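Take a look at the letters that make up each chain.
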Amino acid sequence: MHRANKHHPLTPRQKQRNRLISKVRAAVERPFAVFKQRYGMRRLRFFNLATNRTQCMLAGCGYNLQRAAAVLFPKRKPA
């Protein structure tokens with residue numbers, strides 16, 4: 001995405017491109033934010049590639065289970 005600054009504002013074409021990119025980017029950034037905030041995955045812990053891959057895979061499974069539970073069993077507001 002392009003960023004404007006004090007001396008160079010965005011052109012209309014750049015603004016349109018940013019709007020198109022932001023739809024896809026917002027959907028992709030969400031899981032990474034959850035991995036960092038909830039699962040403590042700002043940095044990987046191990047030197048072994050296989051162990052790091054396993055940790056990332058398990059975090060992805062946990063994220064998918066959490067999302068599935070939220071979709072299947074939404075929290076109801078008290079009456």
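Residues numbered from 1 in each chain as written. Predicted model: local features only at pLDDT ≥ 70, side-chain atom pairs only at ≥ 80, totals over all residues. Heavy atoms only, no water.

Q: Any details on the packing of aromatic side chains? Residues and values, ideally.
A: All told, the structure shown has three aromatic pairs when counted by the stated rule. Relative to tyrosine 39, the ring of phenylalanine 35 has its centre 6.0 Å away and its plane inclined at 35 degrees; by these criteria the two rings are tilted. A ring pair is formed by phenylalanine 35 and tyrosine 63, whose centres lie 6.0 Å apart and whose planes are at 75 degrees; its orientation type is edge-to-face. On the criterion of sequence distance, the pair formed by phenylalanine 35 in helix 1 (residues 12-37) and tyrosine 63 in helix 2 (residues 49-72) is long-range, its members being 28 residues apart. Comparing phenylalanine 35 with tyrosine 63 shows no difference in burial state: the two are buried. Feature note: the residues Phe32, Phe35, Tyr39 and Tyr63 constitute an aromatic cluster, connected by ring pairs. (Phe/Tyr/Trp six-rings, centres within 6.5 Å; stacked < 30°, edge-to-face > 60°. Helix = DSSP H or I, 4+ residues; strand = E, 2+ residues; numbered from the N terminus. Buried < 20%, exposed > 50% of the residue type's maximum accessible area, 1.4 Å probe, protein only.)

Q: Describe the pattern of salt bridges, and please don't skip the residues or the numbers.
A: In this structure the tally under the stated criterion is one salt bridge. Salt-bridge contacts for glutamate 29 lead to arginine 25; the nearest nitrogen and oxygen are separated by 3.6 Å. Of this pair, glutamate 29 and arginine 25 both sit in helix 1, separated by four residues, roughly a single helical turn. (Salt bridge = Lys/Arg side-chain N within 4 Å of Asp/Glu carboxyl O.)

Limitation: the analysis is restricted to geometry and does not speak to function.
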